[in-house]
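So you can see what is in the structure, the chains are spelled out below.
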Amino acid sequence: MYLTHLECPRCGREHDAGRPANLCGCGSPLLARYDLAAVAKAVAPERFGLRPADLWRYRELLPVADERHVTTLGEGWTPLWRAPAYGHEIGLPDLLVKDEGLTPTGSFKARGAAVGVSRARELGIERIAMPTNGNAGAAWATYAARAGMGATIAMPLSAPTICRRECVAAGADLRLVDGLISDAGRWVAELVAGSDGAVFDAGTLREPYRLEGKKTMGYELVEQLGWQVPDVIIYPTGGGVGLIGIHKAMHELIELGWAEHRLPRLVAVQSTGCAPIVRAFAAGQDRAEPWADAHTVAFGITVPAPLGDELILAALRESSGTAIAVDDAEILADLRDFAAREGLLLCPEGAACLTAARHLRAGGWIRPGERVVVLNTGAGLKYPETVDVTGVPVL
């Protein structure tokens, strides 16, 4: 394994990667660091094509030392679809969609769960607990079951019902919270604090290895494009782990010499009903203030106070990116329009990225001829209520 240590991006302190870890003492999430010079000597990028089509093809850049601890359901290597009809309509002829809806459990959360659970298993953790807006809880419950670990999941009552069913089916201890994910987070914190070390907090960015699974989206994008970097990557941003992970992946690829020395411009997409990152970015702030009365049809990005706000904002500014909030009505309209033109039913979070792409192209921020990648982070089938079928004739 080429993992060397954990590093705090805020204060620079190094932490032992051989022990279970949550946040740094200063309150910041920790980042996994690798001996990239040794990785570059050990493997060449053309070798990945000879390996299985899953995220573990990048095993030298993942934190699991012993393959016996790898917990997998075949996650990763999702398709990168061209969207010529919709792209032409909005002025983006080189529009691509990375479809994470085809992962196990139906969302990109399976990537973080696979790597996070595998590393937790290797470190001897027996039970994890986490708050969730739905898909992450379903994924971690599923992978914990496969690893023989226990899982306690706290989920808002308003989360998609299919996610609570997934948790129950996987044997998790599911708790429903009459509130937001932040309320679920407080309940989990109390549970962990009172467990005397028996329960490990696996909440978003509260452990460092979920991020390592998510970063493989960045590796895949570049490999699927012939080791070329797209101009723009548009990402639906709640907790922001995927966006932070892709940014981390790009830096690692550049340092390895496997990709050109430039960063794609990253776009954080939020809803007008919950946009703490957009507000902080526009104000030039390094931290985001909690969003009051958060609500949106794109439930996965209903995160009023993301723990990774500093990392998200830093990634946007370093990549010359931006942050944009879009309206729920437009999200649902673009979801339907895209499905009718391209035949792919997106999740509402993915559709929000289409709305953002349309606005950014119309405003000139995305230039003619640029290659734009939109992340569809989950299967549209998990959100059946986004398509209104009232008024359909009955024969």
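As shown above, the structure is provided for reference.
Residues numbered from 1 in each chain as written. Predicted model: local features only at pLDDT ≥ 70, side-chain atom pairs only at ≥ 80, totals over all residues. Heavy atoms only, no water.

(A) Looking closely at the overall build of the chain. Secondary structure assignment for the chain yields 13 helices and 13 strands. The C-alpha atoms of the chain give a radius of gyration of 20 Å, which matches the 21 Å a tight globule of 395 residues would have. By its C-alpha atoms, the chain is 55 × 50 × 45 Å across when sized along the principal axes. Once local pairs closer than 6 in sequence are excluded, the contacts in the chain between residues at least 24 apart make up 71%. For the chain, the accessible area works out to roughly 15,400 Å², and carbon and sulfur atoms hold 52% of it. With 39 positive and 47 negative side-chain charges, the chain shows a spacing of 2 Å between the two charge centroids. (Helix = DSSP H or I, 4+ residues; strand = E, 2+ residues; numbered from the N terminus. Rg over C-alpha atoms; globule rule 2.2 N^0.38 Å. Contact = heavy atoms within 4.5 Å. Areas by Shrake-Rupley, 256 points an atom, 1.4 Å probe, with all protein chains shown as cover. Lys, Arg positive; Asp, Glu negative; His and termini not counted. Charge placed at Lys NZ, Arg CZ, Asp CG, Glu CD.)

(B) Focus on the packing of aromatic side chains. Throughout the structure, instances matching the rule amount to seven aromatic pairs. Between phenylalanine 48 and tryptophan 227 the ring centres are 6.3 Å apart and the planes differ by 35°, which places this aromatic pair in the tilted class. In this pair, phenylalanine 48 is assigned in the loop between helix 1 (36-42) and strand 4 (80-82) and tryptophan 227 in the loop between helix 8 (216-224) and strand 10 (232-236), connecting sequence segments 179 residues apart. Exposure class is identical for phenylalanine 48 and tryptophan 227. Each is buried. Between phenylalanine 48 and tryptophan 258, the ring centres sit 5.5 Å apart and the planes meet at 70°, which makes this aromatic pair edge-to-face. Of this pair, phenylalanine 48 sits in the loop between helix 1 and strand 4 while tryptophan 258 sits in the loop between helix 9 (241-256) and strand 11 (265-271), and the two are 210 residues apart along the sequence. For the pair shown, phenylalanine 48 and tryptophan 258 are each scored as buried. Taken together, Phe48, Tyr58, Tyr219, Trp227 and Trp258 form an aromatic cluster joined through their ring pairs. A cation over a ring is seen here: arginine 57 above tryptophan 77, with NZ or CZ 4.0 Å from the ring centre. (Phe/Tyr/Trp six-rings, centres within 6.5 Å; stacked < 30°, edge-to-face > 60°. Buried < 20%, exposed > 50% of the residue type's maximum accessible area, 1.4 Å probe, protein only. Lys NZ or Arg CZ within 6 Å of the ring centre and 35° of its normal.)

(C) Quick look at empty space enclosed by the protein. Counted by the stated rule, this structure contains one cavity of 30 Å³ or more. Its volume calculated, the largest cavity comes out at about 70 Å³. Broken down by element, the residue count for the lining of the largest cavity peaks at three residues, all from helix 3 (residues 109-122). Among the residues making up the lining of the largest cavity, the classes are represented as 11 nonpolar, one polar and two charged. (1 Å grid on protein atoms, 1.4 Å probe; cavity = no way out; pocket = protein on both sides within 12 Å on 5 of 7 lines; lining within 4 Å. Points joined across faces, edges and corners; volume = space filled by probe spheres on them. Nonpolar A, V, L, I, M, F, W, Y, C, P; charged D, E, K, R; others polar.)

(D) Spotlight on helix 6 (residues 181-193). For helix 6, with 13 residues, the first-to-last C-alpha span of 18 Å sits near the 18 Å given by 1.5 Å per residue. Buried residues belonging to helix 6 abut strand 6 (127-131), strand 7 (150-156), strand 8 (173-177) and strand 9 (200-201). (Expected span 1.5 Å × (residues − 1).)

(E) Representation of the environment of valine 267 within the structure. Mapped onto the secondary structure, valine 267 falls in strand 11. Placed 33 residues apart in sequence, valine 267 and isoleucine 234 show a C-alpha to C-alpha distance of 4.7 Å. The contact partners of valine 267, leaving out residues within four places of it in the chain, are Val232, Ile233, Ile234, Tyr235, Leu243, Leu316, Thr322, Ile324, Leu360 and Trp365.

(F) Fine view of the sheet that holds strand 2 (residues 14-15). In space, the three strands of this open sheet follow the order 2-1-3, with antiparallel pairing throughout. Looking along the sheet, the strands with just one partner apiece sit at the ends: strand 2 and strand 3 (31-34). Here strand 1 (residues 3-7) runs beside strand 2; their pairing, made up of two bridges, is antiparallel. Note on strand 2: the bridge partner recorded for glutamate 7 is glutamate 14. (Pairing = 2+ DSSP bridges.)

(G) How the structure looks around the packing of helix 9 against helix 11 (residues 309-318). Running from N to C, helix 9 and helix 11 cross one another at 50°; their axes reach a closest spacing of 9 Å. Overall, the two elements helix 9 and helix 11 adopt an arrangement that is oblique. For the crossing formed where helix 9 meets helix 11, the hand is left-handed. For the pair helix 9 and helix 11, the contacting residues are Leu243, Ile244, His247 and His251 in the first and Leu311, Ile312, Ala315, Leu316 and Glu318 in the second. Looking at the contact of helix 9 with helix 11, its residues break down into six nonpolar, two polar and one charged. (Axes fitted to C-alpha atoms, helices over the stretch in contact; angles between N-to-C directions. Parallel < 35°, antiparallel > 145°, perpendicular 65-115°, else oblique. Left-handed = near helix turned anticlockwise from the far one by under 90°.)

(H) Quick peek at the pattern of salt bridges. Using the criterion set out here, one finds 29 salt bridges in the structure. With a closest N to O distance of 2.6 Å, arginine 119 and glutamate 122 form a salt bridge. Residue arginine 119 and its partner glutamate 122 are located together in helix 3, separated by three residues, close to a single helical turn. Here glutamate 370 and arginine 367 are joined by a salt bridge, their closest N and O atoms 3.1 Å apart. Here glutamate 370 falls in the buried class, since its relative accessible area comes to 8%. Linked by salt bridges that have partners in common, Arg10, Arg287, Asp309 and Glu310 make up one network. (Salt bridge = Lys/Arg side-chain N within 4 Å of Asp/Glu carboxyl O.)

(I) Layout of the layout of surface pockets. Its volume calculated, the largest pocket comes out at about 740 Å³. Taken together, 42 residues form the lining of the largest pocket, with Pro131, Ile181, Thr204, Gly239 and Val303 sitting closest to its centre. Among the secondary structure elements, those contributing two or more residues to the lining of the largest pocket are strand 6, helix 4 (135-147), helix 6, helix 7 (210-214), strand 10 and helix 9. For the lining of the largest pocket, the per-class residue count stands at 19 nonpolar, 16 polar and seven charged. Each pocket or cavity is described by its volume, and for the second largest pocket that value is around 340 Å³. Looking at the second largest pocket, it is lined by 15 residues, and the ones nearest its centre are Leu31, Arg33, His247, Lys248 and His251. Contributing elements (two or more residues each) for the lining of the second largest pocket: strand 3, helix 9 and helix 11. Here the lining of the second largest pocket is composed, by residue class, of eight nonpolar, two polar and five charged.

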